[in-house]
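# Geometric and topological summary
Single-letter residue listing:
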Amino acid sequence: MSTPEEPKDSRQKQAEKIASHPEQYKVCEGCGSIVVARAVTCPSCHAYLFDSSAPRVILQAQTLALRNPNSVLSSDLN
Ligand SMILES: [Zn+2]
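First, a word on scope: everything that follows refers to the structure included in this document.

Rules used in this analysis
Here the residue numbering is sequential within each chain, running from 1 through the sequence in written order. Per-residue local features are limited, in this predicted model, to residues with pLDDT of at least 70; the limit for side-chain atom pairs, both in listing and counting, is 80 or more; totals at the level of whole chains, interfaces and linings are taken over all residues. Helical segments are the DSSP runs of H or I of at least four residues, strand segments are the runs of E of at least two, and each set is numbered from the N terminus. Three classes are used. A residue is buried when 20 or more other C-beta atoms lie within 10 Å of its own, exposed when 12 or fewer do, and partly exposed in between, with C-beta atoms placed from the backbone. Residue pairs qualify as contacts under a 7 Å threshold applied to their C-beta atoms, which are placed from the backbone. What a helix is expected to span follows from its residue count: subtract one and scale by 1.5 Å. The arc in question is traced by the directions running from the helix axis to the C-beta atoms. Strand pairing is assigned whenever DSSP identifies at least 2 bridges connecting the two strands. Orientation is described by lines fitted to C-alpha atoms, with helices fitted over the stretch in contact, and by angles between N-to-C directions that extend from 0 to 180 degrees.

## So, the overall build of the protein
- Along the protein, the regular secondary structure elements total two helices and three strands.
- Shown N-terminal to C-terminal, the secondary structure of the protein runs as helices and strands in the order α-β-β-β-α.
- Counting across all 78 residues of the protein, residues that qualify as buried make up 18%.
- Across the protein, every contact between residues at least 6 apart in sequence was considered, and the portion connecting residues at least 24 apart equals 46%.

## Considering the environment of S53
- Summarising the element assignment, S53 is placed in the loop between β3 (50–51) and α2 (54–67).
- A sequence separation of 28 residues divides S53 from Y25, and the C-alpha atoms of the two residues are 8.9 Å apart.

## Brief notes about α2
- Under the 1.5 Å per step criterion, the end-to-end length of α2 is 20 Å for 14 residues, consistent within 8% with the ideal 20 Å.
- Inspection of α2 places V57, Q60, A61 and A65 among the buried residues, and these make up the whole buried set. Taken end-on, α2 shows its buried residues confined to a sector of 135°, consistent with a single buried face. Exposed residues on α2 whose side chains face more than 90 degrees from its buried face are P55, L66 and R67.
- Looking at the buried residues of α2, the elements they touch are α1 (10–20), β1 (25–28) and β2 (34–36).

## Details of the sheet that holds β3
- Spatial strand order, β2-β1-β3: three strands in an open sheet with antiparallel pairing. The two strands at the open ends of the sheet, each matched to only one other strand, are β2 and β3.
- The sheet contact formed by β1 and β3 spans two bridges and is antiparallel. Within the sheet, the bridge partner assigned to V27 lies in β3 and is D51.
- Lying on the sheet, α2 is in contact with β1, β2 and β3; it crosses β1 at an angle near 70°.

Written out as structure tokens, the structure reads:
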């Protein structure tokens, strides 16, 4: 079975990944995106102000994951 690249639960996975390594990311003050810590400007809105504090990064990761309620639960086994 080949499915197109459909990021169903990737947000949640990404959020967990970010939350486990918050020091590698930062939150864009312009649009709320989470970008890698080495980014100079935000890829989404080109802002250059970021909050790199770990609690903020983790909170934002969880917020972004929840914003997309794709309901990937028991029925979505590969
Ligand atoms: Zn941004």
